Amino acid sequence: MSIQTATPYQLLALPKKDALVRGVCGKTTRGIEDTCIRDRPSHFAKKLRQDARKRAAMGGQLPSTRYGVTDDRPQTAEGTRLQLGSSAAKTNAVVVSTMMEAWKIVESGLVTDGIVKDILYGLPVAINKIADLSALWDEVSLCGAVVRLIVDHPKQVEALEAYEKSRTSPRKWSVFVKVDGGQKRAGVSTATPEFEALLTALFTSPAISIYGFYCHAGNAYASTSLSEASSFLSSEVEAVNVAAERAKSRISQSLKSETREPFVLSVGSTPTAHSASAETRAKLSSLLHGTLELHAGNYPVLDLQQLHTSLIDRQHIAQRVLATVISYYPGRGDDSSDEAMCDAGCIAMSKDTGPSGGFGEVIGKPWRLGRISQEHGILTRTSGDNEGTLEIGSMVQIVGQHACLIAAAYPWYYVVDSDMEGGSDKVVDIWVPWKGW
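Note that this is a predicted model, so its numbers are computed, not measured.

The rules behind the values
Residues numbered from 1 in each chain as written. Predicted model: local features only at pLDDT ≥ 70, side-chain atom pairs only at ≥ 80, totals over all residues. Heavy atoms only, no water. Helix = DSSP H or I, 4+ residues; strand = E, 2+ residues; numbered from the N terminus. Contact = heavy atoms within 4.5 Å. pLDDT = per-residue confidence, 0-100. Buried < 20%, exposed > 50% of the residue type's maximum accessible area, 1.4 Å probe, protein only. Pairing = 2+ DSSP bridges. Right-handed = clockwise from strand over helix to strand, strands pointing away. Expected span 1.5 Å × (residues − 1). Arc of directions from axis to C-beta. Salt bridge = Lys/Arg side-chain N within 4 Å of Asp/Glu carboxyl O.

1. Some thoughts on the side chain of Ser 134
Item 1. By the element assignment, Ser 134 lies in helix α5 (residues 130–141).
Item 2. Residue contacts for Ser 134: discarding those within four places in its chain leaves Tyr 163, Arg 167, Arg 171 and Trp 173.

Right, dumping it as structure tokens:
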């Protein structure tokens, strides 16, 4: 059996929220010197209500939802409670990408409170993390919760079997089979012999029970219309549906008489979750061989990459970074336009760009973050005239291309809420994200 690792989550010293709240809440963001990210709970909740309506449109009953708490989402106890506790989008299932996130969900009381009852470790299981995942399962099972895994290779199955064989009381892991829908990230294609070999390993394993089939259309981020995103969603559903059909065929051909719950068909990315509708459902021509689950992606936060898909409005974006203009360069641009320097570079904004170009857009001004270095960025004009000069020492608000990596850069988030008294610049809370692996 592989050497096993453990997550030292008890040793992670996060910033103290109480001290941050006492020092900052009630102030305006104009009085905060450091570059920061802000979430807006009113927009957050509004997107959850829209998500619920879209899920309702996908069928007579709501498909279940599995919200992410990974680094492209809030990755905080507060954000997770908002997502799972919304009366419009009630669910208790989450997907995480790191063990630290999973353990912090437990430590923050989300499992004890009954907010989280279903944790999916969202990567194909690393065989050196099985003991850590088993300990997590032991912990959450005390509250009636479950840990699920993703597999896409027989070696992972063998490792789970070896681990369970070493236990005094072996048990069965609930797993999703990751299906490659053509993205060539994780997963196995149903058109390959490897898929059939994996099914054989799973159905003959004493340590595994197949819960469902999982697909993520990462290529859907190239969508620029509802019809394109709907097409990606249909492809996702088709991929997991074919996989489930093959699995059901295996069951029917076996000599065992097995009664089981329907497979869960888990699909979704941010664009495809936005495209979920009755029209999309009508386009799904094949009968589903299981129950549909949407993992909704970066749904409540959003960014410029999502804006480019044309599936959201600019006012729905609920994150921005504050930066200070530290120098100004008249006429330095290629077209003799002005440029400026700010104190937000790739560590603050990431190096991810998008179809709209640049690394971020300045809110309310004809400027974008056109070039970046490690600790600073160059602001360039988006219009031909020189109106709207930036003053040295002024602060600008920048919406980035990819909220996932941007959020991961910050030790805490300043939370404002434009629907509350005081407008959109008053800090009403501090969210401290979980960090580490």
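2. A few points about the confidence of the model for the protein chain
Item 1. Here the protein chain shows a mean pLDDT of 83. Residues at 70 or above account for 78%.
Item 2. The low-confidence segment residues 58–63, where pLDDT is below 50, has 15 contacts with residues more than four positions distant or belonging to other chains.

3. Observations regarding the pairing of strand β3 (residues 93–96)
Item 1. Of the two faces of β3, the one carrying Ala 93 and Val 95 and the one carrying Val 94 and Val 96 are both buried.
Item 2. Inspection of the sheet shows β3 paired to strand β4 (residues 118–124) by 4 bridges, in the parallel sense. Within β4, the position partnered with Ala 93 by the bridge is Asp 118.
Item 3. Read from β3 through helix α4 (residues 99–107) to β4, the crossover connection turns out right-handed.

4. Quick word on helix α6 (residues 154–165)
Since the α-helix turns once every 3.6 residues, residues separated by three or four places project in the same direction.
Item 1. End to end, α6 covers 16 Å across 12 residues, agreeing with the expected 16 Å (1.5 Å per residue, within 8%).
Item 2. If you check which residues of α6 are buried, you get Gln 156, Val 157, Ala 159, Leu 160, Tyr 163 and Glu 164. Within α6, the buried residues cover an arc of 160 degrees as seen down the axis, which keeps them to one side. Across from the buried face of α6, at angles greater than 90 degrees, the exposed residues are Lys 155 and Lys 165.

5. Quick notes on the environment of Ala 247
Item 1. Within the secondary structure layout, Ala 247 lies in helix α8 (residues 226–253).
Item 2. Residues Ala 247 and Gly 212 lie 35 residues apart in sequence; the distance between their C-alpha atoms is 9.7 Å.

6. A few points about the pattern of salt bridges
Item 1. Per the counting criterion, the structure on display carries 13 salt bridges.
Item 2. Residue Lys 17 pairs with Glu 78 through a salt bridge whose shortest N-O separation is 2.5 Å. A residue pair is termed long-range when its members are at least 10 positions apart, and Lys 17 in helix α1 (residues 17–24) and Glu 78 in helix α3 (residues 77–85) qualify at 61 residues.
Item 3. Overall, Lys 17 belongs to the partly exposed group, its relative accessible area being 26%.
Item 4. Residue Lys 155 is joined to Glu 158 by a salt bridge in which the shortest nitrogen-to-oxygen separation is 3.7 Å. One end of the pair, Lys 155, and the other, Glu 158, are both in helix α6, 3 residues apart, so they sit about a helical turn from each other.
Item 5. For Lys 155, a relative accessible area of 53% translates into the label exposed.
Item 6. A network of salt bridges, in which partner residues are shared, links Lys 17, Glu 78 and Asp 429.

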